[in-house]
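Chain and residue survey
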Amino acid sequence: MVGTTRAVVYYRRAHKYLAARDYDRAIAYYDTTIAEFSRPLASEVFIDRGEAYFFKGMYERAVADFDTALTILGEDARALADRGTAYRRLRQCERAIPDYAAALALSPKLTWARYGRAQAWQAVDSLERAIADLDTVLIQWKERPDIARERERLVARLRR
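Residues numbered from 1 in each chain as written. Predicted model: local features only at pLDDT ≥ 70, side-chain atom pairs only at ≥ 80, totals over all residues. Heavy atoms only, no water.

Across its full length, the chain carries nine helices and zero strands. Moving toward the C terminus, one meets the helices and strands of the chain in the order α-α-α-α-α-α-α-α-α. Along the first, second and third principal axes, the C-alpha set of the chain runs to 65 × 30 × 25 Å. Counting all 160 residues of the chain, 45% fall into the buried class. Taking contacts inside the chain between residues at least 6 apart in sequence as the whole, the part at least 24 apart equals 45%. With the model as given, the accessible surface of the chain reaches about 9000 Å², and the carbon-plus-sulfur share is 50%. Seen as two clouds, the 28 positive and the 23 negative side-chain charges of the chain have centres 3 Å apart. (Helix = DSSP H or I, 4+ residues; strand = E, 2+ residues; numbered from the N terminus. Buried < 20%, exposed > 50% of the residue type's maximum accessible area, 1.4 Å probe, protein only. Contact = heavy atoms within 4.5 Å. Areas by Shrake-Rupley, 256 points an atom, 1.4 Å probe, with all protein chains shown as cover. Lys, Arg positive; Asp, Glu negative; His and termini not counted. Charge placed at Lys NZ, Arg CZ, Asp CG, Glu CD.)

Let's shift gears to the pattern of salt bridges. With the rule as written, the count across this model stands at 14 salt bridges. Taking the shortest distance from any N to any O, the salt bridge between K56 and D24 comes out at 2.3 Å. Note that K56 is positioned in the loop between α3 (44-55) and α4 (59-73) and D24 in helix α2 (residues 23-36), a separation of 32 residues in sequence. By relative accessible area, which is 51% here, D24 ends up exposed. Salt bridges sharing common partners tie together E44, D48, E51 and R78. (Salt bridge = Lys/Arg side-chain N within 4 Å of Asp/Glu carboxyl O.)

What follows covers the nonpolar core. Ranked by internal contacts, the top residues of the largest apolar core, which has 46 residues, are Y30 and L110. Those residues in contact with L110, other than ones at most four positions away along the chain, are A77, A81, A103 and L104. (Core = buried A, V, L, I, M, F, W, Y, C linked by side-chain atoms within 4.5 Å.)

A few words on unusual backbone geometry. Phi is positive for R91, close to 60°, though the residue is something other than glycine. Accessibility expressed as a relative area gives 73% for R91, which makes it exposed. The phi dihedral of D125 is positive, around 60°, even though this residue is not glycine. By the element assignment, D125 lies in the loop between α7 (111-123) and α8 (127-140).

This part is about the layout of surface pockets. In this model, the largest pocket occupies a volume close to 200 Å³. Elements with a minimum of two residues in the lining of the largest pocket: α3 and α5 (77-89). Residue composition of the lining of the largest pocket, grouped by class: four nonpolar, one polar and three charged. (1 Å grid on protein atoms, 1.4 Å probe; cavity = no way out; pocket = protein on both sides within 12 Å on 5 of 7 lines; lining within 4 Å. Points joined across faces, edges and corners; volume = space filled by probe spheres on them. Nonpolar A, V, L, I, M, F, W, Y, C, P; charged D, E, K, R; others polar.)

Once that is clear, we can look at the confidence of the model for the chain. Across the chain, the average pLDDT comes to 91, with 94% of residues at 70 or higher. Of all helices and strands in the chain, the one with the weakest mean pLDDT is helix α1 (residues 2-19) (82), whereas helix α6 (residues 93-106) scores best (98). (pLDDT = per-residue confidence, 0-100.)

Laid out in structure tokens, this is it:
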């Protein structure tokens, strides 16, 4: 029980450092949490540490942590969408698109995942699909003129 209590304390500290954008300390506390806990806190520790790696630009390590979280949980919209975003940053859009699709199947209102998928569709030159995703994003994020302009650029590119 003592190890579990200590792991929870480390996890909370790690989460505070992640929120404060001190990714090195967050990762260190997530590592300690994992070491202290025989069974990690569901998959949250791996998802959160993956996000810390992601924000540091360490996308391969982020993907590894999202993979571990998905192994523990089976399916999780946040882990799938986060892994999709990491793949997109690694310019592996063919791998990102199915992750975004799976995340959206689990949680259709995950707008940031739909926007990420739109960007991935653009990267693989599937402009019609990108425009369709942006149309849905614009319904949910009405006050985003930057996304409306992005959509207009894609429509113009498609007409060429």
